[in-house]
Amino acid sequence: MEGNLMKNRKRGAARGQMRVIETILASFVIMFAISFLSTFAIPPTSESYEVTELERLGYNVLYELDSQGILEELVYSESWGNLSAVLRVLLPTNVYFNLQVYDRDGNLLNQGYPIAYGDWTIIAENGYTATVTYVLPGNSSYYAPRILKLELVKG
């Protein structure tokens with residue numbers, strides 16, 4: 001009788017081990033199927049989503065430049081070429097931009113000195129332009145607000 005009991009225990013242990021191996025293999029198959037299907041799942045493009053992402057990108061770039069004091073220095077010294085170069089470096093190459101700087105009376109300060117990058121015929125045809133307005137209150141010595149209007153579009 002003890003011999004039969006030992007045989008039953010060994011069979012039960014072998015069945016338990018097979019169940020564990022079966023479970024592990026099933027989880028690998030499920031994980032592989034999920035990863036395989038996720039490569040084919042392409043989210044639909046939404047123009048409003050892209051505009052929102054561009055607005056966020058533009059604001060973050062201007063905010064970072066401002067928090068480091070670079071934006072204030074470039075705007076108040078009217079270094080439009082340097083400001084254009086900095087934006088080209090910080091923004092992705094497939095993002096076209098146009099930055100206009102106004103004083104508090106609405107006068108365009110960089111007239112004749114475009115701060116832009118990209119083919120603006122695409123922007124005119126696109127119709128999905130993200131616009132970010134950013135205000136600099138003044139530099140450390142005086143109050144002289146500057147209003148920056150940054151237009152972004154994916155090229």
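For the structure itself, consult the block above.
Please read all numbers here as calculations on a predicted model, not as lab measurements.

What is the right way to read the side chain of glutamine 100 from this model?
Looking at the secondary structure, you find glutamine 100 in strand E1 (residues 95-103). At 2.8 Å, the side chain of glutamine 100 forms a polar contact with the side chain of tyrosine 102. What glutamine 100 contacts, discounting residues up to four positions off in sequence, is Leu108, Asn110, Ile147, Leu148 and Lys149.

Which parts of the structure should I look at to understand the sheet that holds strand E3 (residues 130-138)?
Working definition: the strands of a sheet are paired by backbone hydrogen bonds and lie parallel or antiparallel to each other. Strand order in this open sheet of 4 strands is E2-E1-E4-E3, and the pairing throughout is antiparallel. Edge positions in the sheet fall to strand E2 (115-117) and E3, since each of these pairs with one other strand and no more. The sheet shows a mean angle of 15° between the axes of neighbouring strands, direction not considered. In the packing of helix H4 (residues 80-90) onto the sheet, the strands contacted are E1 and E2, and the crossing angle to E2 comes to about 35°.

Just to check I follow, could you spell out the environment of leucine 71 for this structure?
When you line up the elements, leucine 71 lands in helix H3 (residues 70-76). Taking the C-alpha atoms as reference, leucine 71 lies 7.7 Å from leucine 83; in sequence the two are 12 residues apart. In contact with leucine 71, not counting residues within four places along its chain, are Leu62, Leu65, Asp66, Leu83, Tyr134, Leu136 and Leu148.

Which parts of the structure should I look at to understand the packing of aromatic side chains?
The description of two aromatic rings rests on the distance between their centres and on the angle between their planes. All chains considered together, the criterion is met by 4 aromatic pairs. With 5.7 Å between their ring centres and 75° between their planes, tyrosine 96 and tyrosine 117 make a pair best called edge-to-face. Here tyrosine 117 lies in strand E2 and tyrosine 96 lies in strand E1, a separation of 21 residues in the sequence. Taken together, the aromatic side chains of Tyr59, Tyr63 and Tyr134 make up a single cluster linked through ring pairs.

Basis of the calculations
- Residue numbers run consecutively from 1 along every chain, following the written order of its sequence.
- Restriction of local features to residues with pLDDT of at least 70 applies here, the model being predicted, together with a cutoff of 80 or more for giving and counting side-chain atom pairs; totals for whole chains, interfaces and linings are based on all residues.
- Only heavy atoms go into the side-chain values, all of them from the structure, while hydrogens and water stay out.
- What counts as a helix is a DSSP run of H or I of at least four residues, what counts as a strand is a run of E of at least two, and both are numbered from the N terminus.
- As used in this structure description, the phrase polar contact means that two N or O atoms lie within 3.5 Å; if the pair is within protein, one of them must be able to donate a hydrogen and the other to accept it, and residues adjacent in sequence are counted only when both atoms belong to side chains.
- The criterion used for residue contact is that any of the two residues' heavy atoms lie within 4.5 Å.
- Should DSSP find at least two bridges between two strands, the strands are taken to pair.
- What counts as an axis is a line fitted to C-alpha atoms, over the stretch in contact for a helix, and the angles between N-to-C directions run from 0 to 180 degrees.
- Stacked, tilted and edge-to-face are the three classes assigned to paired rings of Phe, Tyr and Trp, where Trp is represented by its six-membered ring and a pair needs centres within 6.5 Å; plane angles under 30 degrees give stacked, over 60 edge-to-face, the rest tilted.

Everything listed here is a matter of geometry and, on its own, says nothing about what the molecule does.
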